[in-house]
Amino acid sequence: MFFRNLTLFRFPTNLDLSELDARLAEFPLKPVGPLEMSSHGFVSPIGRDAEVMAHRIEDTIWVTVGGEEKILPGPVVNELLSRRIEEFEEKQGRKPGGKMRKQMKDDLLQELMPRAFVKPVRSDALIDLEHGVVAVNSSSRKSAENLVSNIRTALGSFPALPLNAEVSPRGVMTGWIAGEPLPDGLTLGEECELKDPSDQGAIVRCQRQDLQCEEITRHLDAGKQVTKLALNLDDHVSFVLGEDLIVRKFKLLDGALDSLEHTDNDDMRAELDARFALMRGEFKRLFKVLEGALKLSKAE
């Protein structure tokens, strides 16, 4: 289980989450009903046969919201609806009004839903009790907030809010490319996005590019600012940091993955534990660096 994106929230470190597993178990995933489009609820992160809903290693918890979503392709629905409208016109000698067309579509969806394919989905989160951080494996703020909302519903209260930086992420990342020293362990990658600060200003995206070359310098001299920046941490983790404080393209590198090669885990549960332990360790190191560099506010 390696996350690919990190949308981060902070909560007070003194929050008592000792009853989390029991609370999540009260809101399990249920099969989607015949007339429902979707169903969501908590599942065990480590497999269907596991009873635990909150898998914990030391001060880090892994939780998962599972879901079942009906698939009703728009083109299929529209084609069947067109046929029904044509049949109505032939029988009635007139076109159905807007209200009737809407009712016809609703009736059609009700007929199709019991026969629709069901797609399983899941969303994972890592809860770091030491730093008071929830890291959701998503680059979508909305999807991440939905998962946090599920936890809040289960607990009754969960004061987790999106990250807030006391400095401008744009300013910090622009400074790094311009030659200001990076925090210990961080090095520049080969990808960035630069924007002109004006509302309709130009946007430049670079990939596989030396970010301290003359071409980038000209963009900086023209007033463009960095809004996304690829970085590496100790050759263990690569990622792209956005001005929205979302970490995208999170990837564990060979420097980190080498530790897995020295484990002898034929058991799937043991393998998941080893991967989760590695993930939590690298995440903690990364968050500590970002917290200091961007002066991330603590939750109260």
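All of the points below concern the structure found in this document. (Residues numbered from 1 in each chain as written. Predicted model: local features only at pLDDT ≥ 70, side-chain atom pairs only at ≥ 80, totals over all residues. Heavy atoms only, no water.)

Within the open sheet, the 5 strands sit side by side as β9-β8-β10-β11-β12. Their pairing is antiparallel. Strands with a single pairing partner mark the edges of an open sheet, and in this sheet they are β9 (203-207) and β12 (247-252). Strand-to-strand twist in this sheet, taken as the mean axis angle between neighbours without regard to direction, amounts to 15°. Here 5 bridges tie strand β8 (residues 186-195) to β9, and the two strands are oriented antiparallel to one another. Each bridged residue has a counterpart across the sheet, and for Leu 194 the counterpart in β9 is Val 204. Contacts from helix α6 (residues 214-221) reach β8 and β9 within the one sheet, and its direction differs from that of β8 by about 50°. Contacting β8, β10 (225-233), β11 (237-242) and β12, helix α8 (residues 268-294) runs over the sheet at an angle of about 135° to β12. (Pairing = 2+ DSSP bridges. Helix = DSSP H or I, 4+ residues; strand = E, 2+ residues; numbered from the N terminus. Axes fitted to C-alpha atoms, helices over the stretch in contact; angles between N-to-C directions. Contact = heavy atoms within 4.5 Å.)

Turning our attention to the pattern of salt bridges. A complete count under the given rule lists 19 salt bridges for this structure. Note that Glu 191 is salt-bridged to Lys 249, the shortest N-O span being 3.0 Å. Here Glu 191 is found in strand β8, whereas its partner Lys 249 is found in strand β12, with 58 residues between them in sequence. Accessibility expressed as a relative area gives 46% for Lys 249, which makes it partly exposed. One network of salt bridges, in which partners are shared, links Glu 58, Asp 59, Asp 128, Glu 130, Arg 280 and Lys 284. (Salt bridge = Lys/Arg side-chain N within 4 Å of Asp/Glu carboxyl O. Buried < 20%, exposed > 50% of the residue type's maximum accessible area, 1.4 Å probe, protein only.)

Taken as a whole and judged by the stated rule, the model has 3 aromatic pairs. Ring geometry for Trp 62 and Phe 276: centres 5.4 Å apart, planes at 35°, overall tilted. In this pair, Trp 62 sits in strand β4 (residues 60-71) while Phe 276 sits in helix α8, placing the two residues 214 residues apart along the sequence. Judged by relative accessible area, Trp 62 falls into the buried class, the value being 1%. Residue classification places Phe 276 among the buried residues on the basis of a relative accessible area of 0%. (Phe/Tyr/Trp six-rings, centres within 6.5 Å; stacked < 30°, edge-to-face > 60°.)

Attention now moves to helix α4 (residues 141-155). Taking 1.5 Å per residue, 15 residues should reach 21 Å; α4 reaches 21 Å between its end C-alpha atoms and fits that length. Taken as a whole, α4 has its buried residues at Ala 144, Leu 147, Val 148, Ile 151, Ala 154 and Leu 155. Looking straight down α4, one finds that the buried residues subtend no more than 115° of arc, so they occupy a single side. On its buried face, α4 sits against β1 (7-10), α1 (20-25), β2 (38-43), β4, β5 (117-128) and β6 (133-136). Of the residues one or two after α4, Gly 156 is the one with positive phi, at around 90°. (Expected span 1.5 Å × (residues − 1). Arc of directions from axis to C-beta.)

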